[in-house]
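Reading the structure
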Amino acid sequence: MPRYTVHVRGEWLAVPCLNSTNTIEWLGKEAVRRYMKNKPDNGGFASVEEVKFYIRRCKGLGLLDLDDTVGDALEDNEFVEVVIEGDIMSPDFIPSQPEGYISLDGNSLTTEDLVNLGKGLYKIKLTPEAEAKVKQSREVIERIVKEQTVVYGITTGFGKFARTVIPNSNLRELQVNLVRSHSAGVGKPLTPERSRMLLALRINVLAKGYSGISLETLEQVIKAFNASCLPYIPEKGTVGASGDLAPLSHLALGLIGEGKMWSPKSGWADAKYVLEAHGLKPITLKPKEGLALINGTQMITSLGCEAVERAGAIARQADIIAALTLEVLKGTTRAFDTDIHAVRPHRGQAEVAFRFRSLLDSDHHPSEIAESHRFCDRVQDAYTMRCCPQVHGIVNDTIAFVKDIITTEINSATDNPMVFAEREETISGGNFHGEYPAKALDYLAIGVHELAAISERRIERLCNPSLSELPAFLVTEGGLNSGFMIAHCTAAALVSENKALCHPSSVDSLSTSAATEDHVSMGGWAARKALRVIEHVEQVLAIELLAACQGIEFLRPLRTTTPLEKVYDLVRSVVRPWIKDRFMAPDIEAAHRLLVDQKVWEVAKPYIEKYRREHIPESRPISPTAFSLGSLRMSADDSHDHRHQNEL
């Protein structure tokens, strides 16, 4: 009997099909019926018949004709998504056709590589050098077992039981028991993308050749990754030392054929069944191999990779959105002058100021909006516009700092004990301690939050008619319509929530394992809350992007610069202007998706890079008298002259 796995609003549902002549529409209705059955409020629907939807494949994302039969349109066990009318389609599917292989050696993985592996864009293979190192380290373990040497985690118990010697006949059972007992996590499972990242990162660490895993077992792990056989991994339960034991144990549990597992082919099912569906066998753990699979900081660090990449993406786009807001609020470009930033030469600050210059009014990209207020009497703007290079700049530098630590961590051996083949011995240490990525990710959350804090203040300026000179809350017929009133409240709520989330988790520690593990990093929570902070930042900036584009409507027929018009056109391709009140949440989600997919950056980047090519070197020498009182005086006529003051 064929069955299909159907994704409905974040849930995966297995739908058996007794009759292959049933239509795709039937499959959708049956999935919605099962979804409603599982919800106390029926998912907000009165009946299945009132639900309007369409269906697409999870592989390739192609839309399906509702009148086609399931037998003609789908393969057995295929994954599809039911998209409820008005909802946003899920982006969380692993593509069916990877672009090729990434060769792992344990030393050269980048954060971008890991995120792409999580998306399913690549499969994995080992370099010949990595294979040789894995074999050499395994030989050390085999000798220890043969000679019955007492070594932690190989011939002894774990944690408080480190002094308990285990007979050779029980060493395999020891490793299986380790994985089972440590699979004690709770909470929602990691998404397929995050599970793939975690699995890929563990493979990269094992490839370094310090873990003692056999090449045979590691190749089995790689085959599971390449088939996207992903264990059920609860997101909570790690204290970040000794590594991420609980989530990595759940990872190992699926690989040995126990617990639940997911793949695009099988959906959620018993791990043994999922492996069999892909022609794979459960791993049989040899001495030390259970410990090799579960000891390390890969949960913290894989989530940290996603966090630092998303942070970089939203930081770049925040500059573009802020520049658009400055245009709408008729701000000056004076504060972005090259010489100002040359005398406080922080890299991030200089780059942000450069991006503003490349996007705003200049001889390269004249702006009718800027020209319209050239001779206004304002001398300088509020801090939320004038100080963007300084505020956004430190965010950029924070991201670069954290990325450096995370990149080092993903290419580090974080096991215990470590196997040093060249010395033919194992050494117990503390590389599993997650303090490095934990502290870095706490700092990342604090830094990136500021993009939302300053954005929310710019939203206030856009919505407040006494500050913007635009209609209140960016809508006509105010009173009858509320416009962006509550969208601003949403932004304020997210910023406030971020303030609590920015309290560093790594300042906490609770002694565990009968005081053997008496200082821990709490890095798992640091990583998860950093991601939540970043998502909130994305959403706040999505609201600002919508508000700035709405502000443009009230300045027409005047046009802004070419790159900012391109950004406006991009937004208008998914969100229409706000004429009167309507359901706003889908618009915010659509703008958020543009930012997550980096579409705003893709539109503006060519103009920024062209400007860069034409302005290197850009600054002129600063004379000793450049900061005399006389040089700071401006007439009312030139205080807001964008065309002449943008580039001195």
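Worth saying up front: this structure is predicted, and the values here are computed from it rather than measured. The numbering scheme is per chain: residues are counted from 1 as the chain's sequence reads. A pLDDT threshold of at least 70 governs which residues receive local features in this predicted model, and a stricter bar of 80 or more applies before side-chain atom pairs are shown or counted, although totals over entire chains, interfaces and linings include all residues. Remark: hydrogens and water are excluded; side-chain values derive from all non-hydrogen atoms of the structure.

**As for the overall build of the protein**
Elements are defined by DSSP. Helices are runs of H or I of four residues or more, strands are runs of E of two residues or more, and each kind is numbered from the N terminus. Across its full length, the protein carries 25 helices and 14 strands. As defined in this context, the radius of gyration uses C-alpha atoms, and a globule is described by 2.2 Å times the residue total to the power 0.38. For 648 residues, the compact-globule formula gives about 26 Å, and the C-alpha radius of gyration of the protein, at 28 Å, lands near that figure. When its C-alpha atoms are laid out on the principal axes, the protein stretches across 90 × 70 × 40 Å. Throughout, exposure labels follow a simple rule: accessible area from a 1.4 Å probe, protein chains only, divided by the maximum for the residue type, with under 20% read as buried, over 50% as exposed, and the rest as partly exposed. By the burial criterion, 54% of the 648 residues in the protein qualify as buried. By definition, residues are in contact when any of their heavy atoms lie within 4.5 Å. In the protein, of all internal contacts separated by at least 6 residues, the share reaching a separation of at least 24 is 76%. Neither His nor the chain termini are counted; the positive set is Lys and Arg, and the negative set is Asp and Glu. To locate a charge, take atom NZ for lysine, CZ for arginine, CG for aspartate or CD for glutamate. Across the protein, 73 positive and 85 negative side-chain charges occur, with their mean positions spaced 2 Å apart.

**Some remarks on empty space enclosed by the protein**
Here a cavity is any set of points on a 1 Å grid over the protein atoms alone where a 1.4 Å probe fits but cannot get out, and a pocket is any open set with protein on both sides within 12 Å along at least 5 of 7 lines; a residue lines the site when it has an atom within 4 Å of a point. Grid points are joined across faces, edges and corners, and a volume is the space filled by probe spheres set on the points. This model, assessed by the stated rule, comprises two cavities of 30 Å³ or more. What the largest cavity holds in volume is close to 50 Å³. The wall of the largest cavity is formed by Phe484, Leu546, Gln550, Arg572, Val575, Arg576, Pro577, Trp578, Arg582, Met584 and Asp587. Split by residue class, the lining of the largest cavity holds six nonpolar, one polar and four charged. Nonpolar residues are Ala, Val, Leu, Ile, Met, Phe, Trp, Tyr, Cys and Pro. Charged residues are Asp, Glu, Lys and Arg, and all others, Gly as well, are polar.

**Things to note about the environment of Ala350**
By the secondary structure assignment, Ala350 is in helix 13 (residues 347–359). Separated by 39 residues in sequence, Ala350 and Pro389 place their C-alpha atoms 6.9 Å apart.

**Things to note about the pairing of strand 7 (residues 122–126)**
By the bridge criterion, five bridges tie strand 6 (residues 100–104) to strand 7 in an arrangement that is parallel. In the strand pairing of strand 7, Gly100 is matched with Tyr122. Orient the strands so they point away from the viewer; a crossover is then right-handed if the path from the first strand over the helix to the second runs clockwise. Taking the sense of rotation as the criterion, the β-α-β connection linking strand 6, helix 3 (residues 111–118) and strand 7 turns out right-handed. A pair of strands is considered paired only if DSSP assigns at least 2 bridges between the two.

**Points about the confidence of the model for the protein**
The predictor's confidence in any single residue is recorded as pLDDT, a number from 0 to 100. Overall, the prediction assigns the protein a mean pLDDT of 90, with 93% of residues at 70 or greater. Predicted confidence is poor over residues 619–648, with pLDDT under 50, and the contacts of this stretch with residues over four places away or in other chains come to 62 contacts.

**Here's the deal with the sheet that holds strand 1 (residues 3–8)**
Here five strands make up an open sheet; going across it, the order is 2-1-5-3-4 and the pairing mixed. Of all strands in the sheet, those bounded by a partner on one side alone are strand 2 (11–16) and strand 4 (63–64). By the bridge criterion, four bridges tie strand 1 to strand 5 (residues 79–84) in an arrangement that is parallel. Paired with His7 across the two strands is Glu81, which belongs to strand 5. With respect to the sheet, helix 1 (residues 24–37) is in contact with strand 1, strand 2, strand 3 (53–57), strand 4 and strand 5, its orientation differing from that of strand 2 by roughly 125°. Convention adopted: a line fitted to C-alpha atoms gives each axis, helices being fitted over their contacting stretch, and angles between N-to-C directions are expressed from 0 to 180 degrees.

**A few points about the environment of Gln148**
Looking at the element boundaries, Gln148 is found in the loop between helix 4 (128–147) and helix 5 (171–182). Judged by its relative accessible area of 57%, Gln148 is exposed. As for Gln148 and Val165, which are separated by 17 residues in sequence, their C-alpha atoms are 9.8 Å apart.

**Some remarks on a negative patch on the surface**
For patch building, the residue pool is restricted to those with more than 30% relative accessible area and no salt bridge; the joining distance is 9 Å between like charges and 5 Å between nonpolar side chains (Val, Leu, Ile, Met, Phe, Trp, Tyr). Note on areas: Shrake-Rupley, 1.4 Å probe, and residue coverage restricted to the protein chains presented here. For this analysis, a salt bridge means a side-chain nitrogen from Lys or Arg found within 4 Å of a carboxyl oxygen belonging to Asp or Glu. Side chains of Asp65, Asp67, Asp68 and Asp72 sit close together on the surface and give a patch of like negative charge. On the secondary structure map, Asp65 appears in the loop between strand 4 and helix 2 (70–73).

**Structural notes on the pattern of salt bridges**
In the structure shown here, the tally under the stated rule is 32 salt bridges. Between Arg143 and Glu147 there is a salt bridge, with its nearest N and O atoms 3.9 Å apart. Taken together, the residues Arg143 and Glu147, both in helix 4 and four residues apart, mark about one turn of the helix. Residues Lys286 and Glu216 are paired through a salt bridge, measuring 3.2 Å at the closest nitrogen-oxygen approach.

**Section: helix 4**
A turn of α-helix holds 3.6 residues, and therefore any two residues three or four places apart point the same way. Expected helix span is taken as 1.5 Å per residue step, with the number of steps being one fewer than the number of residues. Across its 20 residues, helix 4 extends 29 Å between first and last C-alpha, which sits within 8% of the 28 Å expected from 1.5 Å per residue. Taken as a whole, helix 4 has its buried residues at Ala130, Val134, Ser137, Arg138, Val140, Ile141, Ile144 and Val145. Buried residues of helix 4, seen end-on, are gathered within an arc of 145° and therefore sit on one face of the element. Turned more than 90 degrees away from the buried face of helix 4, the exposed residues are Pro128, Glu129, Glu139 and Lys146. Looking one or two residues past helix 4, Gln148 carries a phi angle of roughly 55°, positive in sign. Directions are taken from the helix axis to each C-beta atom, and the arc is the one they span.

**Thoughts on the sheet that holds strand 9 (residues 230–231)**
Spatially, the three strands line up as an open sheet ordered 9-11-12, and their pairing is antiparallel. The sheet is open, and its two edges are formed by strand 9 and strand 12 (269–270), each paired on a single side.

**Describing the packing of helix 17 (residues 435–463) against helix 19 (residues 485–501)**
The N-to-C vectors of helix 17 and helix 19 enclose an angle of 155°; their axes lie 9 Å apart at closest approach. In terms of orientation, helix 17 and helix 19 fall into the roughly antiparallel class. The way helix 17 lies across helix 19 gives a crossing that is left-handed. Mapping the contact onto sequence places His449, Ala452, Ala453, Glu456, Arg457, Ile459, Glu460 and Cys463 in helix 17 and His488, Ala491, Ala492, Val495, Asn498 and Lys499 in helix 19. Its residues assigned to classes, the contact of helix 17 with helix 19 comprises seven nonpolar, three polar and four charged. Any angle from 65 to 115 degrees is called roughly perpendicular, while one under 35 is roughly parallel, one over 145 is roughly antiparallel, and all others are oblique. When the near helix sits turned anticlockwise from the far one by under a right angle, the crossing is termed left-handed; a clockwise turn instead gives a right-handed crossing.

**Notes on the pairing of strand 3**
Alignment of strand 3 against strand 5, held across five bridges, turns out to be antiparallel. Opposite Arg56, over in strand 5, you have Glu81 as the bridge partner. Judged from the two bridges that link them, strand 3 and strand 4 form a sheet pairing that is antiparallel. Bridged to Ile55 within strand 4 is Leu64.

**Describing a nonpolar patch on the surface**
On the surface, a cluster of nonpolar side chains totalling about 360 Å² of accessible area is made up of Ile394, Phe401, Tyr443 and Ile446. Counting only elements with at least two residues in the nonpolar patch, the list comes to helix 16 (388–410) and helix 17. By the element assignment, Tyr443 lies in helix 17.

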